[in-house]
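# Descriptive structure summary
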Amino acid sequence: RESIPLPFLKQEDQPITSALCPVFQCVLCAPSSPAVKLHEESLTYLNQGQSYEIRMLSNWKGAIDLPEGRRLLKSVVRVVFHDRRLQYSERQQLESWQMSHPGDRILDIDVPLSVGVIDPVAHPSTLNIIEFLWDPSKRTSVFLQVHCISTEFTQRKNGGEKGAPFRIQVDTYKSDSHGSFTEHLHSCSCQIKVFKPKGADRKQKTDREKVEKRSALEREKYQAACENTVLTECTPWPDTDVSRTPTNIPSMCSPRIYKVPSLER
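Report follows, based on the coordinates. This structure is a prediction, so every number in the text was calculated from the model and none was measured.

Rules behind the numbers
- Numbers given to residues run from 1 along each chain, matching the order in which its sequence is written.
- Thresholds applied to this predicted model are a pLDDT of at least 70 for local features of residues and 80 or more for the giving and counting of side-chain atom pairs; totals over whole chains, interfaces and linings are not thresholded and use all residues.
- Just so you know, side-chain values use all the structure's heavy atoms and leave hydrogens and water out.
- Starting at the N terminus, helices and strands are each numbered in turn, a helix being any DSSP run of H or I of at least four residues and a strand any DSSP run of E of at least two.
- Working definition: with a 1.4 Å probe on protein chains only, accessible area under 20% of the residue-type maximum means buried, over 50% means exposed, and in between means partly exposed.
- Contact definition: two residues touch when any of their heavy atoms are within 4.5 Å.
- The method behind every accessible area is Shrake-Rupley, applied with a 1.4 Å probe, and residues are considered shielded solely by the protein chains displayed.
- Given the number of residues in a helix, its expected span is that number minus one, multiplied by 1.5 Å.
- The arc under discussion is defined with respect to the helix axis, by the directions toward the C-beta atoms.
- Stacked, edge-to-face and tilted are the three classes for Phe, Tyr and Trp ring pairs, Trp counted by its six-membered ring, which pair at centre distances within 6.5 Å; planes under 30 degrees apart are stacked, over 60 edge-to-face, the rest tilted.
- At least two bridges found by DSSP between two strands are what make those strands a pair.

The helix and strand inventory of the protein stands at five helices and 12 strands. Residue burial in the protein is summarised as follows: out of 265 residues, 48% are buried. Here the contacts in the protein between residues at least 6 apart in sequence split such that 77% fall between residues at least 24 apart. About 14200 Å² of surface is accessible on the protein, with carbon and sulfur atoms providing 50% of the total.

The next point concerns helix 4 (residues 199–212). Look at helix 4: 20 Å from first C-alpha to last across 14 residues, which is about the 20 Å you get at 1.5 Å a residue. Along helix 4, the residues that are buried comprise Gly199, Ala200, Gln204, Asp207 and Val211. The buried side chains of helix 4 occupy one side of the element, clustering within an arc of 135 degrees when seen end-on. Opposite the buried face of helix 4, at more than 90 degrees from it, the exposed residues are Arg202 and Glu212. Check the buried side of helix 4 and you find it contacts strand 2 (43–47), strand 10 (183–195) and helix 5 (216–219).

This next bit is on helix 3 (residues 90–100). Of all the residues in helix 3, the buried ones are Glu90, Leu94 and Trp97. Summarising the axial view, the buried residues of helix 3 lie within an arc of 60 degrees, below the 170-degree limit, and thus occupy one face. Across helix 3 from its buried face, at more than 90 degrees, point the exposed residues Arg91, Gln92 and Met99.

Turning our attention to the packing of aromatic side chains. Tallied over the full model, the rule gives four aromatic pairs. Between Phe24 and Trp134, the ring centres sit 6.4 Å apart and the planes meet at 80 degrees, which makes this aromatic pair edge-to-face. Of this pair, Phe24 sits in strand 1 (residues 24–28) while Trp134 is found in strand 7 (residues 129–134), placing the two residues 110 residues apart along the sequence. Here Phe24 matches Trp134 in class, with each residue buried. Feature note: the residues Phe24, Trp60 and Trp134 constitute an aromatic cluster, connected by ring pairs.

Looking now at the sheet that holds strand 3 (residues 52–58). The five strands lie next to each other as 5-8-3-1-11, forming an open sheet whose pairing is antiparallel. Only two strands of the sheet have a single neighbouring strand rather than two, namely strand 5 (107–109) and strand 11 (229–230). As paired strands, strand 3 and strand 8 (residues 141–146) are joined by four bridges and run antiparallel to one another. Residue pairing for strand 8: Glu53 is matched across the bridge by Phe143.

Next comes the structure, spelled out in structure tokens:
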């Protein structure tokens, strides 16, 4: 399988045993598109503002050797651009989006639906990032909402638009002896496109019909659509400022800090 030409994605040279039994795994509960060829990366369609679950799965044994107060992990979730051209101008793109959507966020967390998420935080200065603590030994699911749509970041040409693909990336860290989450454990990501409400469902149906109309030989060139999307391993996001926030996150003064009352929520 060909590597994805992105600067922050790891080359797919992991041993088979690692793929079969990963220490960490994140699963986005949304189906992948059936209209993706075998040599391409999977693509998942999301509806704007709809809550989607990401299941945080772990076989990590390191928590056993840690004192109870240090068993929590920190995950940083971000929505970023897939295309290099937009990556280079990301700051300008996000500032432009913020000006046209005052008071809105690109990525948000649906706290009432989330399970096992502790002290989730959405910083006002980072519209496309949320972070939270979680216990790898307990069930954890975070529900996310993406409020921007892919066509907002593409130029209109000849009366039509082609939506820009995004990436959802999850970086996970454990705390050091000083209580700061600086020790990287795992990173993974997947490619998505975001449509206006109900648009993802229509696009999924259109892709399925498109493939079904092809001959049996042609259909073999396409990936089988999966009910859920498993995020693939990648390199950590280069900006580590958020990941180094100390454990006393709730003390930060921000109108967008959310709290879940208990771990069993």
